[in-house]
Amino acid sequence: ITQIDFDRLGSNWSMQGGEQSAVCRESLTLWAAIWALALERSHELDLLGRIFVSFDDSGDGWLQYSEFAALFAIIFPSVTKAETEDLFLFGAEENTGDMTREVFVSLVLRLGMTSDLDGL
């Protein structure tokens with residue numbers, strides 16, 4: 001929103017009989033903060049899903065372990081190789097031993113993992 005838009009909103013508020021100042025109750029502020037955090041997490045999960053696709057070298061929609069390990073080394077550098085193997089086995093499909101995008105995002109969500117995607 002630009003300053004001009006903000007001034008226009010204030011003028012319209014006054015012309016419609018609004019008070020001299022707008023009030024935002026604390027309860028609304030807390031809800032707005034919670035909503036913003038939820039949207040931020042949703043956006044992060046969407047970006048992780050997009051990054052998943054870029055690491056799918058074979059283009060089959062599944063990550064093999066080598067692709068998964070390369071992805072984790074970039075977005076979660078603090079996770080050790082042994083932990084990466086455990087996470088892959090925890091999330092990999094039983095039949096193929098590979099991981100889909102949905103399973104990957106679900107794994108990240110269930111474990112509460114976050115990453116500084118802006119730094120990539």
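Preceding this paragraph is the structure being described.
Source: prediction; values computed, not measured.

Novice: Which parts of the structure should I look at to understand helix H4 (residues 81-91)?
Specialist: Helical periodicity: at 3.6 residues per turn, an α-helix aligns residues three or four positions apart in one direction. Looking at H4, one finds that the buried residues are Thr84, Leu87, Phe88 and Gly91. One side of H4 holds all its buried residues, which, seen down the axis, span an arc of 100 degrees. H4 presents Asp86, Leu89 and Phe90 as exposed residues on the side facing more than 90 degrees away from its buried surface. Looking at the buried residues of H4, the elements they touch are strand S1 (62-63), helix H3 (65-75), strand S2 (99-100) and helix H5 (101-111).

Novice: What exactly am I supposed to notice about the nonpolar core here?
Specialist: Note that soluble globular proteins tend to have their nonpolar side chains buried in a common cluster. Counting 22 residues, the largest nonpolar core has Phe68, Phe72, Ile75 and Phe104 as the members making the most contacts within it. Elements with a minimum of two residues in this core: helix H2 (26-55), H3, H4 and H5. Ranked by residue count, the leading element in this core is H5, at five residues. Once you skip the residues sitting within four places of it in the chain, Phe68 turns out to touch Leu63, Thr84, Leu87, Phe88, Met99, Phe104 and Leu107.

So, how was this worked out
- Residues numbered from 1 in each chain as written.
- Predicted model: local features only at pLDDT ≥ 70, side-chain atom pairs only at ≥ 80, totals over all residues.
- Heavy atoms only, no water.
- Buried < 20%, exposed > 50% of the residue type's maximum accessible area, 1.4 Å probe, protein only.
- Helix = DSSP H or I, 4+ residues; strand = E, 2+ residues; numbered from the N terminus.
- Arc of directions from axis to C-beta.
- Contact = heavy atoms within 4.5 Å.
- Core = buried A, V, L, I, M, F, W, Y, C linked by side-chain atoms within 4.5 Å.

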